Amino acid sequence: MSVIELTDVVKRYQNGEEVIAALDHVDFQADRGEMVTIIGPSGSGKSTMLNMIGLLDTPTEGTVHLDGRNVTDFTEDELTEERRSGIGFVFQDFHLLPMLTATENVELPSMWDTSVDRHDRAQDLLQRVGLGDRLNHRPDQLSGGQRQRVAIARALINEPDILLADEPTGNLDQDTGETILTELTRLKEDENVAIVAVTHDEQMLEYTDSTVRLVDGVVTEVSGR
Ligand code: ADP
Ligand code: ADP
């Protein structure tokens, strides 16, 4: 069963007099243990798609299912709860807090959860992304690739169903980008998450299981399934 599924999704925006369809009858799905890449030029609807999959915004038409549940008509509070427990976010500019250590950054999204030993889990995750010797370093003491590993560990702290990555290699040189993509490929299986990446970087397609190509809000190609 798909962990995230968009069915016939339309998202319209009102731009003054004009109404534009940022997404125009789009279908999408991703499974655990799979990496799906959404690729397209600027303005093609990638961010809008990311907002739908990340439950950050709701469609004008169509439905969104998370883990088999229809979340399309959930309230803002319900969506926030689903995001918190179900989705980990990774951004191209890492979004780490500069005054916190790697471990503290990773712990942050789980602060509300008193049922687990956050500290241990954060350190364990950092070890699993190869940063066992950087646990107490601050972001400015880490390389770009290491920062992105911290961000990936942080995204996994609440054991999400989906890891949603917005241009995860956008601020990295090619070699570092490839290392991060290799890491993601390993994690999708080890952590049993669906990885959904949004990018305009064709290099990412070498690492992905399936590709959804967007042009002007329309899916023009689905490959790998
Ligand atoms: P991408 O991420 O591929 O660059 P977006 O999803 O950001 O594409 O945008 C798709 C289209 O929707 C663009 O034409 C953009 O101008 C429009 N759009 C996106 N967000 C809004 C908004 N909040 N209000 C009006 N138009 C928007
Ligand atoms: P863009 O793709 O347009 O450059 P960003 O990558 O900054 O924009 O953000 C993509 C989307 O993720 C935006 O809609 C933004 O509101 C949302 N977002 C940013 N930070 C967070 C966060 N910490 N948690 C959840 N959603 C976020």
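Everything numeric in this text was worked out from a predicted model, so none of it was measured.

Conventions and cut-offs
Along each chain, residues carry numbers from 1 onward, in the same order as the chain's sequence is written. Chain labels run from A onward and ligand labels from 1 onward, assigned in the order the entries are written. Residue-level local features of this predicted model are given only where pLDDT is at least 70; pairs of side-chain atoms are given and counted only at 80 or more, and the full residue set underlies all totals for whole chains, interfaces and linings. The side-chain figures draw on all heavy atoms in the structure; neither hydrogens nor water molecules are used. Cavity and pocket criteria rest on a 1 Å grid covering protein atoms alone: a 1.4 Å probe that fits but cannot get out defines a cavity, protein on both sides within 12 Å along at least 5 of 7 lines defines an open pocket, and an atom within 4 Å of a point defines a lining residue. Grid points are joined across faces, edges and corners, and a volume is the space filled by probe spheres set on the points. Here the nonpolar group is Ala, Val, Leu, Ile, Met, Phe, Trp, Tyr, Cys and Pro; Asp, Glu, Lys and Arg are the charged ones; every other residue, Gly included, is treated as polar. At least two bridges found by DSSP between two strands is the condition for calling them paired. Counting from the N terminus, the helices are DSSP H or I runs at least four residues long and the strands are E runs at least two residues long. Residue contacts are counted whenever heavy atoms from the two residues lie within 4.5 Å of one another. Note on geometry: axes are C-alpha line fits, over the in-contact stretch for helices, and angles between N-to-C directions span 0 to 180 degrees. When the centres of two rings from Phe, Tyr and Trp lie within 6.5 Å, Trp using its six-membered ring, the rings pair. Their planes under 30 degrees apart give stacked, over 60 give edge-to-face, and anything left gives tilted. Whenever a carboxyl oxygen of Asp or Glu lies within 4 Å of a side-chain nitrogen of Lys or Arg, that contact is scored as a salt bridge. Only protein chains enter the accessibility calculation, which uses a 1.4 Å probe; a residue is then buried when its area is under 20% of its type maximum, exposed when over 50%, and partly exposed in between. A molecule or strand has a residue near it when one of that residue's heavy atoms lies within 4 Å. Pairs of N or O atoms within 3.5 Å make up the polar contacts considered here, provided that, within protein, one atom can donate a hydrogen while the other can accept it, and that residues adjacent in sequence are counted only when both atoms are side-chain atoms. To measure how exposed things are, a 1.4 Å probe is used in the Shrake-Rupley method; for residues, cover is taken only from the protein chains shown. UniProt positions are given in the numbering used here, feature names are shortened, and annotations may be inferred rather than shown by experiment.

Trainee: Outline empty space enclosed by the protein, supporting the account with residue identities and numerical values.
Mentor: For the structure shown, the criterion picks out 1 cavity of 30 Å³ or more. Approximately 50 Å³ is the volume attributed to the largest cavity. Met 52, Leu 55, Asp 57, Thr 58, Pro 59, Val 64, Val 71, Thr 72 and Leu 79 are the residues that line the largest cavity. For the lining of the largest cavity, a count of residues per class yields 6 nonpolar, 2 polar and 1 charged.

Trainee: If you had to explain the sheet that holds strand E4 (residues 61–66) to someone new, which residues and values would you point to?
Mentor: Strand order across the open sheet formed by 4 strands is E2-E1-E4-E5, with antiparallel pairing between neighbours. Whereas interior strands pair on both sides, the edge strands pair on one side only; in this sheet they are strand E2 (18–30) and strand E5 (69–70). The pairing of strand E1 (residues 4–15) with E2 spans 9 bridges and is classified as antiparallel. The residue bridging Leu 6 from the neighbouring strand is Phe 28, located in E2. Contacts from helix H1 (residues 46–53) reach E1, E2 and E4, with the element oriented near 125 degrees to E1.

Trainee: An account of the packing of aromatic side chains is needed here, citing residue identities and associated values.
Mentor: Tallied over the full model, the rule gives 1 aromatic pair. With a centroid separation of 6.2 Å and an interplanar angle of 5 degrees, the aromatic rings of Phe 89 and Phe 91 are classed as stacked.

Trainee: Before we move on, can you summarise the pattern of salt bridges with the specific residues and values?
Mentor: In this structure the tally under the stated criterion is 19 salt bridges. Linking Arg 84 and Glu 81 is a salt bridge whose minimum nitrogen-to-oxygen distance equals 3.6 Å. Here Glu 81 and Arg 84 lie together in helix H2 (residues 76–86), a separation of 3 residues that amounts to about one turn. Judged by relative accessible area, which is 35%, Arg 84 ranks as partly exposed. You can call Glu 81 partly exposed: its relative accessible area is 34%. One continuous salt-bridge network, built from bridges that share partners, spans Arg 149, Glu 183, Arg 186 and Asp 190.

Trainee: Could you give an account of the site of ligand 2, naming the residues involved and the relevant values?
Mentor: Taken together, Ser 47, Leu 50, Asn 51, Leu 56, Phe 89, Phe 91, His 95 and Asp 166 are the residues near ligand 2. Between ligand 2 and Ser 47 there is a distance of 3.2 Å, counted from an oxygen atom to a side-chain nitrogen or oxygen. Within the side chain of Asp 166, a nitrogen or oxygen atom sits 2.4 Å from an oxygen atom of ligand 2. Here ligand 2 has 570 Å² of accessible area as a free molecule, and 46% of this is covered by the chains. Those elements that place two or more of their residues in the shell around ligand 2 are H1 and strand E6 (87–91). Class assignment for the residues of the shell around ligand 2 results in 4 nonpolar, 3 polar and 1 charged.

Trainee: Now, about the UniProt feature "domain: ABC transporter" (unreviewed entry) in the protein: what can you tell me, with residues and values included?
Mentor: Feature annotation in UniProt places "domain: ABC transporter" (unreviewed entry) on residues 4–222, given in this structure's numbering. Within the segment residues 4–222, helix and strand shares are 30% and 30% respectively, and the terminal C-alpha atoms sit 16 Å apart.

Trainee: Summarise the site of ligand 1; cite the residues concerned and give the values.
Mentor: Tyr 13, Asn 15, Ile 20, Ala 22, Pro 41, Ser 42, Gly 43, Ser 44, Gly 45, Lys 46, Ser 47 and Thr 48 make up every residue found near ligand 1. One of the backbone N or O atoms of Gly 43 is found 2.7 Å from an oxygen atom in ligand 1. Between ligand 1 and Ser 47, the relevant distance is 2.8 Å, taken from an oxygen atom to a main-chain nitrogen or oxygen of the residue. Elements that contribute at least two residues to the shell around ligand 1 include exactly E1, E2 and H1. It is H1 that provides the largest number of residues to the shell around ligand 1, a total of 3 residues. The class makeup of the residues in the shell around ligand 1 is 4 nonpolar, 7 polar and 1 charged.

Trainee: How would you explain the environment of Ile 157 if you had to name every residue and give the values?
Mentor: For Ile 157, the position within the fold is in the loop between helix H5 (144–156) and strand E7 (162–166). As for Ile 157 and Ala 122, which are separated by 35 residues in sequence, their C-alpha atoms are 6.7 Å apart.

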